[in-house]
Amino acid sequence: MATQAIAVGGTDLVAGLLGAGFNGAVRLPGEPEYDEQRRSVIPSVDSRPLVVAEAYSRSDVQAAVRTARDLGVPLAVQATGHGTRVPADGGILLKTTPMATVLIDPERRIAKVAPGARWGAVLDAARQFGLAPLSGSHRDVGVTGYTLGGGVGWLARKYGFAADSVIRAEVVTADGHLVTASAEQHPDLFWAIRGGTGNFGIVTSLEFRLYPVREVHTGIVYYGIDRAAAILRRYREWTATIPNELSTAVVLTRVPGTEQRAVAIKVMYAGAAEVAEHLLKPLFEVAGPRLAGDLRTIEYADAAMGGTPARHLDFLDTLTDEVIDIVTELEDAMVELRHWGGAMAHPGPGAGPVGHRAAAYSLIIDREVSELPNSGRTFVNFLGDPSRAGSSYAAADLDRLRAVKRAYDPSNFFHLNANIRP
């Protein structure tokens, strides 16, 4: 395959795509839109594909897969670019961005989306029926990549990971065939894609459950950094007492628009404001005077929680004094400790391979911190180093994922990703 690829140029790929029935736009280096279309949200990823091919339909996706296989060049898939961690050099960069249809079935509480759909479109479509998807922290994030990587959102403690709510997917496999993956059809593939990312094929349609959440009590409030250790120690005790409807994180950061260091407490409660305030009182009472921010009741679709760049990521089963002491001494870092558990830790039967479900907290820091103890566990959606994909899964799940990979992609055709080798 590698020897063949050396002799293949962009014009060969254009001819191959057209001959295979590809109907979307194809961009060559130097042409308008090429640089814009190849760009990732991650600044360090600078892909230089031979062509950028914009898919308009599932048949375009099939044509791109078959062309790449026939001509022996690599193929990478990108919708929004949020999950692009591996450069797509020397082959086809397949853009599914134009395939952005969102359909809502309010009676069944189901959404059906095309691979280029973003969470904002699903949120806006679902809110008309008082429903909510298990979306993440940003409206701009692509639905499919987020969901296939597990998808931990602010309703996850109540309803689980986004991957756990998937009920059906259409997948173009490494041989260019279109299959349906569900509990009844290709159940091994269905299991694998719900957490195993794009290792097994290209999803061209995804169906998942929606939930009856119209409003949430939510916001971010800021307190003095001198209270950081006290807040974290109370947080450790307090998180063992709260219901699954309440999701929180403690962030060591700055007050927006200033250089003042502060402790931010992120809150989302899927219920009444007065209940939320009562539940939060034991945590807030150790925090001291509020510097900024507030909590308010708004539509879930309008909630914006933000995130922290995951240069350091680990999962904690307990929040130790050692960890608290180290992170509160980091003067120039953003630290986010997020409470997990709830429905994430108790999925239904047949749930996919989302890893480290039993962790009590995730710890994310925007720079490397060598002095922290590290369990080595990761999460695909937050993974900066794709070579560590295996550390996102329990050992038994990783073995099973490799078996599914051998069945559906034995040559590792889909490898420009957080790769699981056959």
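Use the structure listed above.
Just so you know, these numbers come straight off a predicted model, no measurement behind them.

Draft legend 1. Local environment of the overall build of the chain. Looking only at helices and strands, the chain has twelve helices and 16 strands in total. Its C-alpha radius of gyration of 22 Å places the chain within 12% of the 22 Å reference for a compact globule of 422 residues. Here the C-alpha coordinates of the chain stretch approximately 70 × 50 × 45 Å along the principal axes. Within the chain, the fraction of its 422 residues that count as buried is 55%. Residue pairs in contact within the chain that sit at least 24 positions apart in sequence constitute 73% of those at least 6 positions apart. Here the chain has roughly 17300 Å² of accessible surface; of this, 50% comes from carbon and sulfur atoms.

Draft legend 2. How the structure looks around helix α4 (residues 58-71). A rise of 1.5 Å per residue sets the reference length of α4, with its 14 residues, at 20 Å; its end C-alpha atoms lie 20 Å apart and thus fit the reference within 8%. What α4 keeps buried is the set Asp60, Val61, Gln62, Ala63, Ala64, Val65, Thr67 and Ala68. The positive-phi residue at the C-terminal boundary of α4 is Gly72, with phi of around 70 degrees.

Draft legend 3. Representation of the pairing of strand β10 (residues 215-224). For β10, the tally of buried residues reaches eight of ten residues, placing the bulk of the element in the interior. Across nine bridges, β10 lies against strand β13 (residues 290-299) in antiparallel orientation. Across the sheet, the residue bridging to Thr218 is Arg296, located in β13. Pairing between β10 and strand β12 (residues 261-269): eight bridges, direction antiparallel. Looking at β12, one finds that Ile220 is bridged to Lys266.

Draft legend 4. Examining the pattern of salt bridges more closely. Under the definition given, this model contains 22 salt bridges. The shortest N-O distance in the salt bridge between Asp332 and Arg367 comes to 3.2 Å. You can see Asp332 sitting in the loop between α11 (321-328) and β15 (335-339) and its partner Arg367 sitting in the loop between β16 (361-365) and α12 (395-408), a full 35 residues away along the chain. Residue Asp332 is classed as exposed on the basis of its relative accessible area of 52%. Asp409 serves as the salt-bridge partner of Lys405, at 2.8 Å between the closest nitrogen and oxygen. For Lys405, a relative accessible area of 0% translates into the label buried. The class of Asp409 is buried, set by a relative accessible area of 0%.

Draft legend 5. Geometry of the layout of surface pockets. As a volume, the second largest pocket reaches approximately 280 Å³. Lining the second largest pocket are 18 residues; nearest its centre among them are Asp164, Val166, Arg194, Arg209 and Pro349. Of the residues that constitute the lining of the second largest pocket, the class distribution is ten nonpolar, five polar and three charged.

Here is what the cut-offs are and how they apply
Residues numbered from 1 in each chain as written. Predicted model: local features only at pLDDT ≥ 70, side-chain atom pairs only at ≥ 80, totals over all residues. Heavy atoms only, no water. Helix = DSSP H or I, 4+ residues; strand = E, 2+ residues; numbered from the N terminus. Rg over C-alpha atoms; globule rule 2.2 N^0.38 Å. Buried < 20%, exposed > 50% of the residue type's maximum accessible area, 1.4 Å probe, protein only. Contact = heavy atoms within 4.5 Å. Areas by Shrake-Rupley, 256 points an atom, 1.4 Å probe, with all protein chains shown as cover. Expected span 1.5 Å × (residues − 1). Pairing = 2+ DSSP bridges. Salt bridge = Lys/Arg side-chain N within 4 Å of Asp/Glu carboxyl O. 1 Å grid on protein atoms, 1.4 Å probe; cavity = no way out; pocket = protein on both sides within 12 Å on 5 of 7 lines; lining within 4 Å. Points joined across faces, edges and corners; volume = space filled by probe spheres on them. Nonpolar A, V, L, I, M, F, W, Y, C, P; charged D, E, K, R; others polar.

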